[in-house]
Amino acid sequence: MRKVGVLVSGRGSNLQAIMDRIADGYLPLEIAVVISDKSDAYALERAQKAGIKAAAIERKACASKDDFEAKINAALTDAGCELVVLAGFMRILSANFVNKWHHKIINIHPALLPSFPGLHGQGQAVAYGVKFSGCTVHFVDEGTDSGPIILQKVVPVMDDDTEDTLADRILVQEHIAMPEALKLWAEDKLVINGRKVKVLA
Ligand code: GAR
């Protein structure tokens, strides 16, 4: 089974969706380690409950960003990970880290990229007045939410939506999109050609 590491910062509902789809046999993967940049992230508890190795690596406990990322890199490498999954990881990784894991980092973003990158993708969509938004699963490059797109799911934006109501609607789709993208990766069905990701049948 191919091993992945999951980086998280918070409640970990996307991590839970991945764990659930591994448990029910849909996803042929093993989560070798879960790493959080916040020691109180509920995602860590979810991992521990499932018997998955979990660790907090906090930026403030490290001498520099380089040191922080070196520790994350070591934890992923020690666990034998082939892929890094960003599941609500709220930090920008440096070009140095991204280049070490070239085309081996997958992120989920709560908007239809390239619209509304960065923080509060759902709030940005509501404020802009778009009629549709959604989520994007993509490979990570050196930019912010700018790497090659694997798949997207679309949801309508309602007139009375707030950031929170739209986030809830998008989250349902995130929990479908991330396992779907990881399954395609695990089965070697993703071919990256420049900005484009071809999905093999
Ligand atoms: C998700 O909505 C994810 O798309 C978003 O954080 C949330 C994490 O939820 N990620 C980003 O905004 C990354 N820029 P979770 O901890 O319940 O999976």
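See above for the structure.
This is a predicted model, so every value here is computed, not measured.

Q: Explain unusual backbone geometry here, please?
A: Keep in mind that most residues, glycine aside, have a negative phi and that most peptide bonds are trans. Look at the link from L113 to P114: it is a cis peptide, with omega at 10 degrees. Its location among the elements puts P114 in the loop between β5 (105-109) and α5 (121-128). Its identity as a non-glycine residue notwithstanding, H103 has a phi of 60 degrees, on the positive side. Examined against the element boundaries, H103 turns out to sit in the loop between α4 (95-100) and β5. Positive phi, close to 55 degrees, is recorded for F116, a residue that is not glycine. Assignment of secondary structure puts F116 in the loop between β5 and α5. For F116, a relative accessible area of 13% puts it in the buried group.

Q: Just to check I follow, could you spell out the packing of aromatic side chains for this structure?
A: Both the distance between ring centres and the angle between the ring planes are used here to describe each pair of aromatic rings. Counted under the stated rule, the structure contains two aromatic pairs. For the pair F97 and W101, a centre-to-centre distance of 6.5 Å together with 25 degrees between the ring planes defines the contact as stacked. For the residue pair F97 and W101, the accessibility class agrees, reading buried in each case. Sitting above the plane of the Y26 ring, R21 keeps its charged end 4.0 Å from the centroid. Taking the ring centre of Y26 as reference, the NZ or CZ of K183 above it sits at 4.7 Å.

Q: What should I look at first to understand the pairing of strand β9 (residues 196-199) in this one?
A: Successive side chains on a regular strand alternate, one facing one side of the sheet and the next facing the other. Taken together, the four bridges between strand β8 (residues 190-193) and β9 define a ladder with antiparallel strand orientation. In the sheet register, N193 faces β9, and the bridge partner there is K196. Hairpin remark: β8 followed by β9, antiparallel, with two residues in the connecting loop; positive phi at G194, about 65 degrees.

Q: Before we go on, may I ask you to explain the packing of helix α1 (residues 13-23) against helix α6 (residues 163-186) in this structure?
A: The relative placement of two packed helices comes down to the angle between their axes together with the axis-to-axis distance. As a packed pair, α1 and α6 sit with axes 9 Å apart at the nearest point and diverge in direction by 50 degrees. Considering their axes alone, α1 and α6 lie oblique with respect to each other. Crossing hand, α1 versus α6: right-handed. For the pair α1 and α6, the contacting residues are S13, N14, A17, I18 and R21 in the first and L171, E174, H175, M178, P179 and L182 in the second. Split by residue class, the contact of α1 with α6 holds six nonpolar, three polar and two charged.

Q: Help me understand the site of the ligand in this model?
A: Surveying the vicinity of the ligand reveals the residues R11, G12, S13, N14, G88, M90, I108, H109, P110, Q122, L171 and E174. Side-chain polar atom of R11 to an oxygen atom of the ligand: 2.5 Å apart, as the coordinates give it. Here an oxygen atom of the ligand and a side-chain polar atom of S13 are 2.6 Å apart. Here the ligand, which alone exposes 450 Å², has 90% of that area covered by the protein. Residue assignment for the shell around the ligand shows that the elements contributing at least two residues are α1, β5 and α6.

Q: Help me understand the side chain of S133, please; the structure alone is not making it clear to me.
A: Relative to the helices and strands, S133 is located in strand β6 (residues 132-139). If sequence neighbours within four positions are ignored, S133 has contacts with A111, L112, A125, K153, V154, V155, V157, L166 and I170.

Q: Sorry, what's going on with the sheet that holds β5 here?
A: Sheets are built from strands paired through backbone hydrogen bonds, the pairs being either parallel or antiparallel. Pairing is mixed across the open sheet formed by seven strands, whose spatial order is β3-β2-β1-β4-β5-β6-β7. The open sheet terminates on both sides in strands that have one partner only, identified here as β3 (54-56) and β7 (149-156). Looking at each pair of strands side by side, their axes are set apart by 20 degrees on average, direction ignored. In this sheet, strand β4 (residues 83-86) lies alongside strand β1 (residues 2-8) in parallel orientation, the contact comprising four bridges. When the sheet's bridge partners are listed, V4 is paired in β4 with L83. With respect to the sheet, helix α3 (residues 65-78) is in contact with β1, β2 (29-36) and β4, its orientation differing from that of β2 by roughly 155 degrees.

Definitions and limits used
- Residues numbered from 1 in each chain as written.
- Predicted model: local features only at pLDDT ≥ 70, side-chain atom pairs only at ≥ 80, totals over all residues.
- Heavy atoms only, no water.
- Helix = DSSP H or I, 4+ residues; strand = E, 2+ residues; numbered from the N terminus.
- Buried < 20%, exposed > 50% of the residue type's maximum accessible area, 1.4 Å probe, protein only.
- Phe/Tyr/Trp six-rings, centres within 6.5 Å; stacked < 30°, edge-to-face > 60°.
- Lys NZ or Arg CZ within 6 Å of the ring centre and 35° of its normal.
- Pairing = 2+ DSSP bridges.
- Axes fitted to C-alpha atoms, helices over the stretch in contact; angles between N-to-C directions.
- Parallel < 35°, antiparallel > 145°, perpendicular 65-115°, else oblique.
- Left-handed = near helix turned anticlockwise from the far one by under 90°.
- Contact = heavy atoms within 4.5 Å.
- Nonpolar A, V, L, I, M, F, W, Y, C, P; charged D, E, K, R; others polar.
- Near = heavy atom within 4 Å.
- Polar contact = N/O pair within 3.5 Å; in protein donor to acceptor, adjacent residues only side chain to side chain.
- Areas by Shrake-Rupley, 256 points an atom, 1.4 Å probe, with all protein chains shown as cover.

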